[in-house]
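As a plain string of letters, each chain reads:
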Amino acid sequence: MADSTYASPPGGLPAQAALHTGRAVFTEAYALIPHGVMRDIVTSYLPHWDQTRAWIIARPMSGFSETFSQYIMEVMPGGGSTQPEPNPEVEGVLFVVEGQASLTVDGKSHLLKPGGYAFLPPGCVWTLFNKGQVPTRFHWVRKRYEAVPGIEAPTAFVANEQDEPIIWMPGTDSRWGTTRFVDPTDLRHDMHVNIVTLEPGAVIPFEETHVMEHGLYVLEGKAVYRLNRDWVEVEAGDFMWLRAFCPQACYAGPGRFRYLLYKDVNRHAKLPF
């Protein structure tokens, strides 16, 4: 595949002379957090993580994310955690965008470089450290796993998106496709974290309106994205949250447009009692 780039938060603070011309918006059906919002002043610190801070860009709350949380973690050289996940019922995905992460999962060691991907099932034992000389940044997507009687829990695995094929949508002339890390028919998994690629000028040619909640972090490029009733300009480093059934479509810009996509899958809709 073509050389890939990976956006990450700018950090720092805007100059005092900067104007409030950002694109941040929070609506009943979607939210857009532009990359310029992800500054030092909005970071958080987490228990049992040393020399580490996080941009928390999605969390379960009324009118926002219902099924997942998503952090962008920044681990300084020498930092990390021996107790990263506090809840044994929670699964996670890590996706590295900058630096290197030394990951140990159930006693096995892995070095994750940019594009590195790790799935961490509920209850697994893992640690992560930055043993390099520059900061490490990675996405951490967390979801409470929904166990199903008779279906075993998924197992941990590590991959790199550079080694995985793009599965192109039929009839798109290899212009719109998805890099999948999990077989969509594998019912052990109740979430997918994939990478969607649109080549220059490609489109999502209809307004997708379906049950999956979405989190989209733009890794590369720019596009005009349909979010409910609005067409919104997005670019590398922006994050979008879409509630279930929020209409969405896309026109890619002049360069390759790619985003990291979360969605909940493979489980019955919850019904009130």
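Starting afresh in each chain, residues are numbered from 1 along the sequence in its written order. Two thresholds apply to this predicted model, a pLDDT of at least 70 for residue-level local features and 80 or more for giving and counting side-chain atom pairs, whereas whole-chain, interface and lining totals are computed over all residues. Excluding hydrogens and water, the side-chain values take into account all heavy atoms of the structure.

Chemist: Before we move on, could you go through the overall build of the chain and cite the residues and values that matter?
Modeler: A tally of regular secondary structure across the chain gives zero helices and 21 strands. Computed over its C-alpha atoms, the radius of gyration of the chain comes to 18 Å, within 12% of the 19 Å expected for a compact globule of 273 residues. Across its three principal axes, the chain shows a C-alpha extent of roughly 55 × 45 × 45 Å. When accessible area is computed with a 1.4 Å probe and restricted to protein chains, residues below 20% of their type maximum are described as buried, those above 50% as exposed, and intermediate ones as partly exposed. When the 273 residues of the chain are sorted by exposure, 50% land in the buried category. Here a helix means four or more residues in a row that DSSP labels H or I, a strand means two or more in a row labelled E, and each is numbered from the N terminus. The globule rule used for comparison is 2.2 Å times the number of residues to the exponent 0.38, while the radius of gyration itself is calculated over C-alpha atoms.

Chemist: Give a detailed account of the sheet that holds strand 2 (residues 30-33), specifying residues and quantitative values.
Modeler: Between any two strands, at least two bridges found by DSSP are needed for them to pair. A sheet is described by the order of its strands in space; here eight strands give the open sequence 1-2-19-16-21-14-13-12, paired in antiparallel fashion. For this open sheet the edge positions go to strand 1 (25-26) and strand 12 (167-168), each flanked by a neighbour on one side alone. Note that strand 2 and strand 19 (residues 239-242) share four bridges and pair antiparallel. By the bridge assignment for strand 19, Leu32 is matched with Met240.

Chemist: Just give me the short version of the sheet that holds strand 15 (residues 203-208), but keep the residues and values in it.
Modeler: Spatially, the four strands line up as an open sheet ordered 15-20-17-18, and their pairing is antiparallel. Looking at the sheet topology across the chains shown, the edges are occupied by strand 15 and strand 18 (230-235). On average, each strand axis in the sheet is inclined to that of its neighbour by 20 degrees, with strand direction left out of account. The pairing of strand 17 (residues 222-227) with strand 18 spans six bridges and is antiparallel. Across the sheet, the residue bridging to Leu227 is Asp230, located in strand 18. Every axis corresponds to a line fitted to the C-alpha atoms, with the helix fit spanning only the stretch in contact, and the corresponding angles, defined between N-to-C directions, vary from 0 to 180 degrees.

Chemist: Mind laying out the packing of aromatic side chains, listing which residues take part and the relevant values?
Modeler: Classification of ring pairs uses Phe, Tyr and Trp, with its six-membered ring standing for Trp, and accepts pairs whose centres are within 6.5 Å; under 30 degrees between planes counts as stacked, over 60 as edge-to-face, and the remaining range as tilted. The tally for this structure, following the rule as stated, stands at 14 aromatic pairs. Ring geometry for Trp49 against Trp140: centres 5.6 Å apart, planes inclined by 55 degrees, an arrangement best described as tilted. Residue Trp49 is located in the loop between strand 2 and strand 3 (50-58), and its partner Trp140 is located in strand 10 (residues 136-144); the two are separated by 91 residues in the primary sequence. The same class applies to Trp49 as to Trp140, namely buried. Note on Phe119 and Phe157: the rings are 5.8 Å apart at their centroids and 25 degrees apart in plane angle, and the pair reads as stacked. Taken as a pair, Phe119 in strand 8 (residues 116-120) and Phe157 in strand 11 (residues 157-160) lie far apart in primary sequence, 38 residues in all. On the basis of relative accessible area, Phe157 is assigned to the partly exposed category, the value being 24%. Counting every residue linked through ring pairs, the aromatic cluster contains Trp49, Tyr71, Trp126, Phe138 and Trp140.

Chemist: Kindly report on unusual backbone geometry, identifying the contributing residues and their values.
Modeler: Negative phi is the rule for most residues except glycine; trans is the rule for most peptide bonds. Phi angles above zero are rare outside glycine, and His48 is one such case at about 70 degrees. Among the structural elements, His48 can be located in the loop between strand 2 and strand 3. Positive phi outside glycine occurs at Asn228, with the angle close to 60 degrees. Mapped onto the secondary structure, Asn228 falls in the loop between strand 17 and strand 18.

Chemist: Outline the pattern of salt bridges, supporting the account with residue identities and numerical values.
Modeler: Pairs can form between side chains of opposite charge once their charged atoms are near each other. Any carboxyl oxygen of Asp or Glu that lies within 4 Å of a side-chain nitrogen of Lys or Arg is treated as forming a salt bridge with it. Summed over all chains, the structure comprises 16 salt bridges. For Asp238, the salt bridge identified is with Arg23, shortest N-O distance 2.7 Å. With Asp238 in the loop between strand 18 and strand 19 and Arg23 in the segment before strand 1, the pair connects residues that are 215 residues apart, well separated along the chain. Bridged by salt links that share partners, the residues Asp40, Arg53, Glu74 and Arg137 form one connected network.

Chemist: Any chance you could break down the environment of Pro135 for me, citing the residues and the numbers?
Modeler: Looking at the element boundaries, Pro135 is found in the loop between strand 9 (126-129) and strand 10. Residue classification places Pro135 among the partly exposed residues on the basis of a relative accessible area of 25%. Any two residues whose heavy atoms approach within 4.5 Å at even a single point are treated as in contact. Excluding anything up to four places from it in sequence, Pro135 contacts Glu74, Val75, Met76, Pro77, Glu98, Gly99 and Asn130.

Chemist: Mind laying out a nonpolar patch on the surface, listing which residues take part and the relevant values?
Modeler: Every patch collects residues that have over 30% relative accessible area and no salt bridge, joining them within 9 Å if they carry like charges and within 5 Å if they are nonpolar side chains (Val, Leu, Ile, Met, Phe, Trp, Tyr). Computed with the Shrake-Rupley method and a 1.4 Å probe, the accessible areas treat only the protein chains shown as cover for residues. Together, Leu13, Ile41 and Val42 make up an exposed nonpolar region whose accessible area comes to about 320 Å². Looking at the element boundaries, Val42 is found in the loop between strand 2 and strand 3.

Chemist: Which residues make up the side chain of Thr178, and what values go with them?
Modeler: Here Thr178 shows up in strand 13 (residues 176-179). Those residues within four positions of Thr178 in sequence are excluded, and the remaining contacts are Pro165, Ile166, Ile167, Asn194, Ile195 and Val196.

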